[in-house]
Amino acid sequence: MIVDVVANARSLLGGVLHGHGVAVRITEVEAYGGIHDPASHAYTRTARSEIMYGDPWRLYVYRSYGIHLCANVVTGPTETASAVLIRAGEVVEGIELAQQRRPAVAAVSLARGPGNLARALGLTLDDLGTYLLGADGVRLEMSPGEPEISAGPRVGVSRAADVPWRFWVTGDPTVSSYRRSPRA
DNA sequence: TAGGCGATGACCT
DNA sequence: GGTCATCGCCTAC
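Conventions adopted
- Residues numbered from 1 in each chain as written.
- Chains lettered and ligands numbered in written order.
- Predicted model: local features only at pLDDT ≥ 70, side-chain atom pairs only at ≥ 80, totals over all residues.
- Heavy atoms only, no water.
- Near = heavy atom within 4 Å.
- Polar contact = N/O pair within 3.5 Å; in protein donor to acceptor, adjacent residues only side chain to side chain.
- Nonpolar A, V, L, I, M, F, W, Y, C, P; charged D, E, K, R; others polar.
- Helix = DSSP H or I, 4+ residues; strand = E, 2+ residues; numbered from the N terminus.

1. Things to note about the protein's contact with DNA strand C
- DNA strand C sits among Thr44, Thr46, Arg48, Arg63, Tyr65, Gly66, Ile67 and Arg179.
- In DNA strand C, atoms within 4 Å of the protein come 81% from sugar and phosphate.
- Thr46 has a polar side-chain atom sitting 2.5 Å from a phosphate oxygen of DNA strand C.
- Taking Arg48, its side chain carries an N or O atom lying 3.3 Å from a phosphate oxygen of DNA strand C.
- Here the surface near DNA strand C is composed, by residue class, of 2 nonpolar, 3 polar and 3 charged.

Have a look at this one:
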């Protein structure tokens, strides 16, 4: 199960996430091992994390620091609450719309960082629970091959801060920079 | 029921 | 590179 979420996180790199009129090629992700991972929201089962215990390939959107939204793919299997946080991507469709949502930002930074990515895609809490392999709304298009991948510790987590479950496309300019939690 | 604290980003130096 | 805004959620009374 832990191995699965890591494999799923890696396989999401290079895939394309379609939002509301904007699509991004995923360049950076983090794996969260659900009930076995102290850094995961699902480590303790609450109303907020309930969605992650359900069926896989659903969208988990949560609010961070009161303002930002972050997007996760629930990867299952059911009851393990494994999920993959989408941290960054490259806008490949609907650049004009993304720039409209994020004025005065360089193209390479449009979807750099989880909060920025969610904003570029136009995600809201209404998208919570969307089935990502469906035909409508927010959807995920898997990539056939795997790009060259680098790994490192996850950004901003205070627990399990040294677990190298952050994966990114090697050398890609849209990948966000590493910042360790001050409490780790 | 109240207090503390983020899976962050923007802005300032 | 460092600091701070900001508020919903979780945990402990």
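2. Comments concerning the protein's contact with DNA strand B
- As a matter of local geometry, DNA strand B sits amid 24 residues, with Asn72, Arg102, Gly115, Arg179 and Arg183 nearest to it.
- At 2.6 Å from a phosphate oxygen of DNA strand B is found a main-chain nitrogen or oxygen belonging to Gly115.
- In the model, a phosphate oxygen of DNA strand B is placed 3.1 Å from a nitrogen or oxygen of the Asn116 main chain.
- Those elements that provide at least two residues to the surface near DNA strand B are strand S3 (58-64), strand S4 (68-74), strand S5 (83-93) and helix H3 (114-121).
- Among the elements that take part in the surface near DNA strand B, H3 stands out by supplying 4 residues, more than any other.
- Along the lines of polarity and charge, the residues of the surface near DNA strand B split into 8 nonpolar, 11 polar and 5 charged.

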